[in-house]
Amino acid sequence: MNIGYAATLALSVALSSPVAFATEPTETIAVQNEVERALFKTLSSMCGRPRESLAECPGDRAATLRAEVREQMARGATDDEIRAAYAKKYGSGAVMVPSNEGADQALWIAPLVVAVAGGVLLATVIRRLRRRAGNHVHQTATSAPRDKYDERLERELEEADS
Amino acid sequence: MWSSLPELGTASLYAVLVATAYTFAMAVLSAGSQARPFGSPRLLSAARMGAHGTSALVAFAVLLLAHAFVSNDFRVSYVSRYSDRSMSTTELFTALWGGQDGSLLWWLFLSATFTSVCVVWLKGKYHQLQPYVIATLMTVLAFFAILMIFSANPFATHVAGAPEDGTGLNYQLRNFYMIIHPPSLYVGFTSSAIPFAFAIAALVSGRLDSEWIVASRKWMLFSWLFLSIGNALGMLWAYEELGWGGYWAWDPVENAAFLPWITASAYVHSTMIQERRGLFRVWNVVLIVMTFFLTIFGTFLTRSGLIASVHSFAQSGIGSFFLYFMGFIVCVSGALIVYRWRELKSTGSLDSVLSRETAFLLNNWGFVSLMVFIALATIWPRISEWLLNEEATLGPTFYNTWIPPLALLIFALMGVAPLLGWRKTSPELFWRSFRIPTAAMLLTMIAHASLGHRFGYPAVIQITPIYSGALGTALSTMLGVFPVITVGLVVFNIVVVAQEFARGTQARIKAHGESVGIALARLVAKSRRRYGGYIVHMGIAAMFFGFTGRSWEINQEASLKPGETVNVGQYALTYQGPRMEVDAQKRMIFADLAVTRGGEDLGALHPAKFIYKSAPDQPSTEVAKLVTLQNDLYVIVGIVNAQTKVASFQIHVNPFVSFIWLGVIILILGASLSLWPELGVEPVGAMSYLKTAGAVTSMTALSILMAWAPAQALHRPSLPAAGTVQSVPQDVSP
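**Student:** Report on the overall build of chain A, specifying residues and quantitative values.
**Tutor:** Looking only at helices and strands, one finds 6 helices and 0 strands in chain A. Listing each helix as α and each strand as β along chain A from the N terminus yields α-α-α-α-α-α. A sequence separation of at least 24 residues applies to 48% of the contacts in chain A between residues at least 6 apart. In the structure as shown, chain A presents an accessible area of about 8,500 Å², 58% of it carried by carbon and sulfur atoms.

Spelled out as structure tokens, the structure:
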């Protein structure tokens, strides 16, 4: 490398963010294995970018947080215990998967209730429409005029199938 | 004239508001009554002219803003915030929708354009619906005009006078995707106002037969197509620019654009039940209203600052305007539906549970459940704050745990529905239709289960539960077997489509004695909507295969000295050292890597950090990719040490991502085929032939352009594009 190049690179390093171009990086490997990656993905890095997890943020602060979490993992804490401790220390917003406790359960129970209610409504509608078919009290519904070719295609398909 | 450009721009917005009010009044007054069913043709003509006049005024406002950008008129605050003197004309054009105020004007422009196109298209037809369609569209335009006049005027000037130079557009926005991604989404959003206007017109006029459904179905399909393209381009942008290795992070803004796509997808299926059987008229109205509502809701989410997102616009006071408008949409639509409830109620019946109608109903149930889940999760952080006084953040892990079961159910129904007959499915038809796709699916699943792990694609994977206890275990076990189920369903769906094409072709051969090629071509040409839909299904199957690739991704980090090699999956990457280049705007620090696979030289990758002069503390991350159909090698450089030259890398091997983009292209082609104009020229004459030729030519050009855009985006080299891993200082998305 020539001197000019080295000087420019050094200048760029000096001018740039300490995070991306630190002369002595505090942590070169952010995620060491898949077990910690799965856990880091559920913890916010609080790097300033919304919803960036510990598995993605390269910053020094994130490195410190990762080290903290690794320490707890080494002590044998479960994922839930680590997340609870993280939430206690940095606030509930720092955990990216809400716990399955208390009001947080509404997050999946509410849509489930809506889906079940929709299913019940669907079953009721189908039953009512089926009953109508059985009673022969129908056929007044107005359908849109069909495409001529579409009708012919249906006939041809039926003939080909038979 | 240009010396008073800001005042002229503001005046044009006021003129738009006045024009919408005039047109609204003319349209309502022109509407028919019991005594005069066809209303007043003169007033209707005035309303039609008013609509075109409104569009012309909006176009004038856009031209004024564009002129302000190209002439570096920094008196205009918006221009100074989103451009600078170094920006190219293309970048200046992009800046038109790069920030909040301009994007609202762009939204208004597209809405006005669709209004004009719709008014031209309506000439001589739908006389009783037309006045209310125009009045509804004017209400939508008036809302955006009011919004800009009172809260987000793109022509507002600097109080302290014009600065020497502008701040410039965020570098993340200076790329190809930002030229095509927001306009595609906006086209989808704004065109959904047309079917909404038809629904309101049908409710107000009481013409609740299938006329309005037939009139609006292609508009909805058009809107759906552009929402699909916009979402796909958003995925491409995230994949290329944000540099985190993925394409969809369930970011609130991504969700906001996805929600109307879900309800529009439900509608394009359920409308067929109304067309065929006259059933579910209330439901179709609700779906159309919901789709339009969700486009406004999404805009509200993006622009109100309600939810934190990497994409969102700067926080502003326009949220309350949107809240009022959303309330207005719900109240008016709800009141009209209740008012017309008796007339809307279907009188038809369902002959059998084992029918296509039931499959479509289940598909609608799946879509709506998915929409409810995503909508609730998106706004959950605010609900939690307001009701529980607790902060909450929902990351991709949460969504990726809960959504796949429902998505796969919808995907399975997508394959099942075409196999069921309308009205009922006889046991013979059921057996004949299902046997080949089911056999193909089962054989594939068996082959995958027995051979998949040998090739690095195991059928079952280990998933870390997100909760302790039974629920977490149940979810992770279910997710663990999804790779094999998804692959099976992909094959099932593809075989279903192939079988439908084969069945149709055979029917034509039997009925008309045509050769295979001619029979297939005529089958598709004459039944474009049906077979275009099947092609869309094929595209979605390809996309699902691409999504499944996530199950087998490899993520690795490495810190390398020059000359060192790291092996990731089948690839070996040798770090060759750092390199720096400088241009007028930035310094570019590359970390060059030589890539080989099984000893074969695959060339070099150049992940980089760009340091812009205007934002030296926010270096952008430039992803380097090696794209193959089998997988993408995706490399990001983290830290480059100037003294030791040691560089740290994040390396991802993302299997089958190309199938997602391939699926999008197939989807676009299928939807374009469905939208293809009718070739029949009933009023014989030179003009009708000319119109037909024009329609066909424009559709051909549009289809090629639409398929070309994502393909072009996909094949662009990644280096000139911008991206970042740092905080985002400006608005970065629609």
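Now that the structure has been shown, we can carry on.
**Student:** Could you give me a rundown of unusual backbone geometry, with the residues and numbers involved?
**Tutor:** All names here are of chain B. Located in the positive-phi region is Trp250, a residue other than glycine, with phi close to 55 degrees. One can find Trp250 in the loop between α9 (211-242) and α10 (252-277). Residue classification places Trp250 among the buried positions, given a relative accessible area of 10%.

**Student:** Just give me the short version of the pattern of salt bridges, but keep the residues and values in it.
**Tutor:** Residue and element names in this part refer to chain B. Applying the stated rule across the entire model yields 23 salt bridges over all chains. With its nearest N and O atoms 2.7 Å apart, the salt bridge here joins Asp592 to Arg579. Here Asp592, found in strand β4 (residues 586-597), pairs with Arg579, found in strand β3 (residues 571-582); they are 13 residues apart in sequence, far enough to count as distant. In this structure Asp592 comes out as buried when scored by relative accessible area, which is 10%. Connected through shared salt-bridge partners, Arg277, Asp351, Glu357 and Arg423 make up one network.

**Student:** With reference to specific residues and values, describe the nonpolar core.
**Tutor:** Phe144(B), Trp212(B) and Phe398(B) are the most contacted members of the largest nonpolar core, which totals 203 residues. Looking at this core, the element that brings in the most residues is α9(B), giving 20 residues. Those residues in contact with Phe398(B) that lie beyond four places of it in its chain are Met96(A), Val97(A), Pro98(A), Leu107(A), Phe373(B), Ala377(B), Ile466(B) and Tyr467(B). One finds Tyr575(B), Ile589(B), Val635(B) and Val653(B) within the second-largest nonpolar core, a separate group that totals 24 residues.

**Student:** Please give an account of the side chain of Ser658(B) that cites residues and values.
**Tutor:** Residue and element names in this part refer to chain B. Examined against the element boundaries, Ser658 turns out to sit in helix α20 (residues 657-675). On the accessibility criterion, Ser658 (8% relative accessible area) is buried. Within the structure, the side chain of Ser658 is placed 3.2 Å from the backbone oxygen of Thr628, a separation counted as a polar contact. Setting aside its immediate chain neighbours within four residues, Ser658 contacts Val627, Thr628, Leu629 and Asp632.

**Student:** Describe helix α11 (residues 281-304) of chain B, listing the residues and the values that go with them.
**Tutor:** Relative to the 34 Å expected for 24 residues at 1.5 Å per residue, α11(B) spans 34 Å between its end C-alpha atoms, a close match to the ideal helical length. For α11(B), the tally of buried residues reaches 21 of 24 residues, placing the bulk of the element in the interior.

**Student:** Go over the confidence of the model for chain A, please, and point to the residues and values.
**Tutor:** Residue and element names in this part refer to chain A. For chain A, the average pLDDT comes to 76, and 69% of its residues sit at 70 or higher. For chain A, per-element mean pLDDT is lowest for helix α1 (residues 3-15), which scores 44, and highest for helix α4 (residues 79-90), which scores 92. The model gives residues 1-26 a pLDDT under 50, and that stretch makes 51 contacts with residues more than four places away or in other chains.

**Student:** Describe the sheet that holds strand β10 (residues 647-655) of chain B, listing the residues and the values that go with them.
**Tutor:** Hydrogen bonds between backbone groups are what pair the strands of a sheet, and the pairing can be parallel or antiparallel. Residue and element names in this part refer to chain B. The 4 strands are arranged β1-β10-β9-β8 in an open sheet whose pairing can be described as antiparallel. The strands lining the two open edges of the sheet, one partner per strand, are β1 (554-560) and β8 (624-627). When strand polarity is set aside, the average angle formed by the axes of neighbouring strands in this sheet is 15 degrees. Sheet topology note: the β1/β10 ladder contains 7 bridges and is antiparallel. Directly across from Ser559, in β10, lies its bridge partner Ser648.

**Student:** Could you give me a rundown of the state of the cysteines, with the residues and numbers involved?
**Tutor:** Residue and element names in this part refer to chain A. Counted by the stated rule, this structure contains 1 disulfide over all chains. Here Cys47 pairs with Cys57 through a disulfide, and the sulfurs are 1.7 Å apart. Judged by the sign of its S-S torsion, about -95 degrees, the bond between Cys47 and Cys57 is left-handed. Taken together, the residues Cys47 in the loop between α2 (34-40) and α3 (60-74) and Cys57 in the loop between α2 and α3 connect sequence positions 10 residues apart. Using a relative accessible area of 32% as the deciding quantity, one classes Cys47 as partly exposed.

Procedures and definitions
- Residues numbered from 1 in each chain as written.
- Chains lettered and ligands numbered in written order.
- Predicted model: local features only at pLDDT ≥ 70, side-chain atom pairs only at ≥ 80, totals over all residues.
- Heavy atoms only, no water.
- Helix = DSSP H or I, 4+ residues; strand = E, 2+ residues; numbered from the N terminus.
- Contact = heavy atoms within 4.5 Å.
- Areas by Shrake-Rupley, 256 points an atom, 1.4 Å probe, with all protein chains shown as cover.
- Buried < 20%, exposed > 50% of the residue type's maximum accessible area, 1.4 Å probe, protein only.
- Salt bridge = Lys/Arg side-chain N within 4 Å of Asp/Glu carboxyl O.
- Core = buried A, V, L, I, M, F, W, Y, C linked by side-chain atoms within 4.5 Å.
- Polar contact = N/O pair within 3.5 Å; in protein donor to acceptor, adjacent residues only side chain to side chain.
- Expected span 1.5 Å × (residues − 1).
- pLDDT = per-residue confidence, 0-100.
- Pairing = 2+ DSSP bridges.
- Axes fitted to C-alpha atoms, helices over the stretch in contact; angles between N-to-C directions.
- Disulfide = S-S within 2.5 Å.

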